[in-house]
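The chain contents come next:
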Amino acid sequence: MRRAAEVWPLRPTVRYARTLAEALRTETIGGIVMLLATMAALVWANVSIDSYEALRTAGFGPESLHLNLELYKWAQNGLLTIFFFVAGLEVKEEFVHGELANLRKAALPIIAAIAGMVVPALVYLAVSWGAEDASRGWAIPTATDIAFALAVLAVTASAMPAALRAFLLTCAVVDDLGAITIIAIFYTDHLDVVMLLVGAALIALYGLLQRRGVRSLWAYLPLAVLAWYFVEVSGVHATVAGVALGLLTRVTTKADEDSSPAERADHYVRPISAGFAVPVFAFLSAGVRLDGDSLSVIFSDRVVLGVMAGLVIGKFLGVFGGAWLAVRLGLARLSEELHWRDMAAVSALGGIGFTVSLLIGDLAFGADQERATAVTTGVLAASLAASVLAAVLLHVRVRKRRNGLDDV
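Fair warning: this is a prediction, and the values are worked out from it, not measured in the lab. In this convention, every chain numbers its residues from 1, walking through the sequence in written order. Since the coordinates come from a predicted model, pLDDT governs what is reported: local features require at least 70, and pairs of side-chain atoms require 80 or more to be given and counted, while whole-chain, interface and lining totals use all residues. To get the side-chain values, take all heavy atoms of the structure and skip hydrogens and water.

1. Some points on the overall build of the chain
Inference 1: Counting its secondary structure elements, the chain contains 17 helices and two strands.
Inference 2: Whereas a compact globule of 408 residues would reach a radius of gyration of roughly 22 Å, the chain reaches 22 Å, a difference of no more than 12%.
Inference 3: Expressed as lengths along the three principal axes of its C-alpha atoms, the size of the chain is roughly 70 × 50 × 50 Å.
Inference 4: Evaluated residue by residue, the chain yields a buried proportion of 50% over its 408 residues.
Inference 5: Residue contacts follow a heavy-atom distance rule, with two residues in contact if any of their heavy atoms lie within 4.5 Å. Contacts in the chain between residues far apart in sequence, at least 24 positions, make up 80% of those at least 6 positions apart.
Inference 6: A positive count includes Lys and Arg, and a negative count includes Asp and Glu. His and the chain ends are not counted in either. The atom standing in for a charge is NZ when the residue is Lys, CZ when it is Arg, CG when it is Asp and CD when it is Glu. Taken together, the 32 basic and 35 acidic charged side chains of the chain have centroids lying 9 Å from each other. Each helix is a run of H or I in the DSSP string that is no shorter than four residues. Each strand is a run of E no shorter than two, and both are numbered from the N terminus. Restricting the calculation to C-alpha atoms gives the radius of gyration, and the globule rule supplies 2.2 Å times the number of residues raised to the power 0.38. Each residue gets one of three labels from its accessible area relative to the maximum for its type: buried under 20%, exposed over 50%, partly exposed in between, using a 1.4 Å probe on protein chains only.

Right, dumping it as C-alpha cells:
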C-alpha cells in the first residue's frame, strides 16, 4: 500500500486544476485569457513577424487523410469546433429551458439578433461598395463574440438586472446560430456530397444514442471525431459539426440522473474551450503589425472600413433598433427591470466581433494575405472600440441606478 505521504503531494495539484477549471467556466476569466492570448500575439508579431508567421503556417498532419493543415487552420477547423460545440449546447439549453423556450420572451432577443445581423451586413456593403471582392466579406460584422461580450458585461455591470444578461446571452446565442449557418451556406467553395452524407449519418447516430440514454463517453468520442473528419473533408467548414453535435446533446434529465448529458458535457468541455481552444485560435489569428503603414491601410481600404462600421455602428443600430421596433410593433415586450438606456448600452456590446468575425474574415479573404491582415486589424480595432463604448455606457447606467436615477 502507498503511504499517505506519497499520495499527499498530488492533492494540491488536483485542487489547483479543479480551481482553474472552475474559474474558466466564468465569462470573466475566459474573456481575460482570450485577451491575454491576443496581446501575446500582437507583441510577438510586432517583435518578429517572420517567426510568428512561420509558427502559424507550419503544416502537419497525415496527407493521406487530407489533414495536412497549417497550424492556424488546425485552430480554425479543429479547436473552434470545440467552441462551437459549447455554443450548440447553449443554444439547445436556451431552446429547452431558457429564454427561447417561451416564444413571447424569446421574441425580443431573436428579433434583435436577426436585425443585428442584417443591419451590419447592409452597413458593410454600403461602405465597401465598389471595392474589389468586397461582397465576399459581408458576413464579417454579423457575429458577436459571446465570451468577450459577457466578460465586459460581467466586469463593468455586474450590478445590472439579470434580465440584461439574459437578453445579451440569448441574442448572442441566436447570433452564433446564424453565423454558423452563414458559414455553412456561403463559405463552402467545394462540396463532396458522399463525405457530407457520411458525416451527417454519424451526427444522426450521435443524436440517436443521446435519445436512447447511452452514457458511455467512449460511445460518443469516436463518433464526434469521425463526424468532424467527414464534415471537414466534405468541404463544409468543420465547425458546423460542432454546433450540430451540441444541438443534439440531450438537455433533459432522466429519473436516475443527477444532471443531463448537456450539463456534464458543458462542465468538462467549457474549460477546454475557454482555456485552450479559443485562446490558441486568438493567438494564431490576431498577430498583425501595428506600424504606421499597417494602420493606414485600415483607413484607406473600404472593405476594412466597412467591417469596422458594420461592427461598431451597424451592430448597435441593428440590435437596439430591432429590439425597439419589436416592442413598438407589439411583437415583444421589454422587461420591467430594464430601460431603453440599458438596452442601448448592452447593444453596443454586439460590436465585439472577434472570434467568429476573425474566422469569417479568413474564410472570405484568406487567399489575399494583405487584405486578410488588414481585416483582422479592423476587427480588433472595432472590437476594442465597441468594448470601450459599451463599458462607458454600462458604467453610466450602473451609477445612475445606484443613485436612484433609473428613469434618467
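2. Quick word on the environment of Asp145
Inference 1: Structurally, Asp145 is set in the loop between α6 (103–128) and α7 (146–156).
Inference 2: We classify Asp145 as buried; its relative accessible area is 1%.
Inference 3: In this structure, the C-alpha to C-alpha distance between Asp145 and Glu336, residues 191 residues apart in sequence, is 27 Å.
Inference 4: Within the structure, the side chain of Asp145 is placed 2.8 Å from the backbone nitrogen of Phe148, a separation counted as a polar contact. Whenever two N or O atoms come within 3.5 Å, that pair is a polar contact, provided that in protein one can donate a hydrogen and the other can accept it, and provided that, for residues adjacent in sequence, both atoms are side-chain atoms.

3. Re the pattern of salt bridges
Inference 1: Salt bridge, as applied in this entry: a Lys or Arg side-chain nitrogen positioned within 4 Å of an Asp or Glu carboxyl oxygen. This structure, assessed with the given rule, holds eleven salt bridges.
Inference 2: Where Asp256 meets Arg215, a salt bridge forms, and the shortest distance between an N and an O atom there is 2.7 Å. With Asp256 in the loop between α11 (239–247) and α12 (261–285) and Arg215 in the loop between α9 (193–212) and α10 (217–234), this pair connects stretches of sequence that are 41 residues apart.
Inference 3: Accessibility expressed as a relative area gives 55% for Asp256, which makes it exposed.
Inference 4: Classification of Arg215 by relative accessible area gives partly exposed; the value is 45%.
Inference 5: Overlapping salt bridges, with partners in common, bring together Arg215, Arg250, Asp256, Glu257 and Arg264 in one network.

4. Thoughts on the packing of α12 against helix α16 (residues 354–365)
Inference 1: Axes here refer to lines fitted to C-alpha atoms; in helices the fit is confined to the stretch in contact. Angles between the N-to-C directions go from 0 to 180 degrees. Where α12 contacts α16, the two axes come as close as 11 Å, and the packing angle between them is 50°. Looking at the two axes, α12 sits oblique to α16. Between α12 and α16 lies a crossing whose hand is left-handed. Each of Val278, Phe281, Ala282 and Ser285 in α12 lies in contact with α16, whose residues at this interface are Phe354, Thr355, Leu358 and Leu359. By definition in this entry, angles of less than 35 degrees are roughly parallel, angles greater than 145 are roughly antiparallel, angles of 65 to 115 are roughly perpendicular, and the rest are oblique. Here a crossing is called left-handed whenever its near helix is offset anticlockwise from the far helix by less than a right angle, and right-handed whenever the offset is clockwise.

5. Observations regarding the packing of aromatic side chains
Inference 1: Aromatic pairs are defined between Phe, Tyr and Trp rings, using the six-membered ring for Trp, whenever the two ring centres lie within 6.5 Å; interplanar angles under 30 degrees are classed as stacked, those over 60 as edge-to-face, and all others as tilted. Tallied over the entire structure, the rule returns twelve aromatic pairs.
Inference 2: Ring geometry for Trp44 against Tyr52: centres 6.2 Å apart, planes inclined by 70°, an arrangement best described as edge-to-face.
Inference 3: Take Trp44: its relative accessible area is 31%, and that puts it in the partly exposed class.
Inference 4: Ring geometry for Phe60 against Trp74: centres 5.5 Å apart, planes inclined by 20°, an arrangement best described as stacked. Here Phe60, found in strand β1 (residues 59–60), pairs with Trp74, found in helix α5 (residues 71–96); they are 14 residues apart in sequence, far enough to count as distant.
Inference 5: Phe60 sits in the partly exposed class, given a relative accessible area of 43%.
Inference 6: In this structure an aromatic cluster arises from ring pairing among Trp44, Tyr52 and Phe283.
Inference 7: When the ring centre of Tyr72 is taken as origin, the NZ or CZ atom of Arg56, which lies over that ring, is 4.2 Å away. Charge-over-ring placement is defined geometrically: NZ (Lys) or CZ (Arg) within 6 Å of the ring centre, and within 35 degrees of the ring normal.

6. Regarding a nonpolar patch on the surface
Inference 1: A cluster of nonpolar side chains, Ile29, Ile32, Leu35, Leu36 and Met39, forms an exposed patch at the surface whose accessible area comes to about 430 Å².
Inference 2: As for its placement among the helices and strands, Met39 is situated in helix α3 (residues 27–47).
Inference 3: Judged by relative accessible area, Met39 falls into the partly exposed class, the value being 45%. Exposure above 30% relative accessible area and the absence of a salt bridge qualify a residue for a patch, where like charges join within 9 Å and nonpolar side chains (Val, Leu, Ile, Met, Phe, Trp, Tyr) within 5 Å. Areas reported as accessible are Shrake-Rupley estimates using a 1.4 Å probe. Residue values count occlusion only from the protein chains shown.

7. Considerations on the nonpolar core
Inference 1: Grouped together as the largest cluster of nonpolar side chains are 93 residues, with contacts concentrated most on Phe84, Leu108, Leu164, Met343, Leu349, Phe365 and Val375.
Inference 2: Top contributing element to this core by residue count: helix α8 (residues 162–186), with 13 residues.
Inference 3: Excluding its chain neighbours within four sequence positions, the residues that come into contact with Met343 are Leu108, Leu164, Phe167, Phe320, Ala323, Leu334 and Leu338.
Inference 4: What makes a nonpolar core is a set of buried Ala, Val, Leu, Ile, Met, Phe, Trp, Tyr and Cys residues whose side-chain atoms join them at distances within 4.5 Å. Core analysis: the next-biggest nonpolar cluster, separate from the first, contains 26 residues, Phe85, Ile203, Ala238 and Ala265 among them.

8. Description of a negative patch on the surface
Inference 1: A cluster of like negative charges, contributed by Glu132, Asp133, Asp368 and Glu370, occupies part of the molecular surface.
Inference 2: Position of Glu370 among the secondary structure elements: in helix α17 (residues 369–402).

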